[in-house]
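Here is how the chains run, residue by residue.
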Amino acid sequence: MSRDQAAEISATDVRVDVGDVTTRYLLYGLLPGWFVPGLADWVMHRRSRIEDTAGTKESLIHALMMTEVGIPIALTLRYRVNPLLLLVQSAGAVVHEATALWDVRTAVDSDREVTPLEQHIHSYLESLPYGALSALMCLHADQVKSLLNGGRGDPDAWRLVPRRRPLSRAYLAGVGAAIATCVVLPYGEELWRCVRADRRNRKRAGDQAKWRARKGR
């Protein structure tokens, strides 16, 4: 084997390795790493007593943001990356960023304290969708080109196509358990706490109104 042939094979191996490593990073690094700052953000909301300030409105915004990120993730775990999926992922990232601005504005307007630590957590959470999307685009440059060309010549460009090699049930079960533990349970508790506080405040306001009405007679 000549030196040029060896160099060509070596370069091919590097490309294959980079793709494999990037995929493993997305599946076992970036995605699981999403749960930790998400849980930390919930702690910040609890410490600042969100139920007594922004309340249910901000908690519902948090649920909306998780949906905007969760749908593209769920689709990517099950289906092949193509122009349709790239479009969904890009739209999710943009809408998530817009909702994040709405979220912070809601918190500030309600006088909920957003500490520097919480702001840094937000920065990390906002950067993750773009990091994941850019990595996927590098892995699937051909699909990015197809998207820019409107999917012309690709009959599968605008439909969901199952992955050629489905992810293992064990991995999907692990992701599902992490979502339930680090997202659904804590943020469900937050929403329940806010709704309960709203009901208590409405009852208190009603009792005060009745008391003032009786006093004014």
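Quick note: structure is the one above.
Presented here is a report on the structure given in the accompanying data block. (Residues numbered from 1 in each chain as written. Predicted model: local features only at pLDDT ≥ 70, side-chain atom pairs only at ≥ 80, totals over all residues. Heavy atoms only, no water.)

Turning our eyes to something else, we now look at helix H4 (residues 116-139). Over its 24 residues, H4 runs 35 Å from end to end, which matches the ideal 34 Å to within 8%, given 1.5 Å per residue. Leucine 128 marks where H4 bends most, by close to 25°; the proline proline 129 follows one to four residues later. Where H4 is concerned, the buried positions are Glu118, Ile121, His122, Leu125, Leu128, Pro129, Ala132, Leu133, Ala135 and Leu136. (Helix = DSSP H or I, 4+ residues; strand = E, 2+ residues; numbered from the N terminus. Expected span 1.5 Å × (residues − 1). Bend = angle between axes of the 7 residues up to and from the residue. Buried < 20%, exposed > 50% of the residue type's maximum accessible area, 1.4 Å probe, protein only.)

Let us look at the layout of surface pockets. As a volume, the largest pocket reaches approximately 1200 Å³. As for the largest pocket, its lining consists of 39 residues, of which Thr23, Val81, Leu136, His140 and Arg163 are closest to the centre. Counting only elements with at least two residues in the lining of the largest pocket, the list comes to helix H1 (3-47), helix H2 (55-78), helix H3 (83-109), H4 and helix H5 (141-148). Residue classes in the lining of the largest pocket are distributed as 21 nonpolar, 8 polar and 10 charged. Roughly 700 Å³ of volume is contained in the second largest pocket. If you go around the second largest pocket, you meet 31 residues; those closest to its centre are His62, Met65, Met66, Val69 and Val183. Looking at the lining of the second largest pocket, the elements with two or more residues in it are H1, H2, H3, H4 and helix H6 (169-215). With 10 residues, the single largest contributor to the lining of the second largest pocket is H2. Partitioned by chemical class, the residues of the lining of the second largest pocket number 20 nonpolar, 8 polar and 3 charged. (1 Å grid on protein atoms, 1.4 Å probe; cavity = no way out; pocket = protein on both sides within 12 Å on 5 of 7 lines; lining within 4 Å. Points joined across faces, edges and corners; volume = space filled by probe spheres on them. Nonpolar A, V, L, I, M, F, W, Y, C, P; charged D, E, K, R; others polar.)

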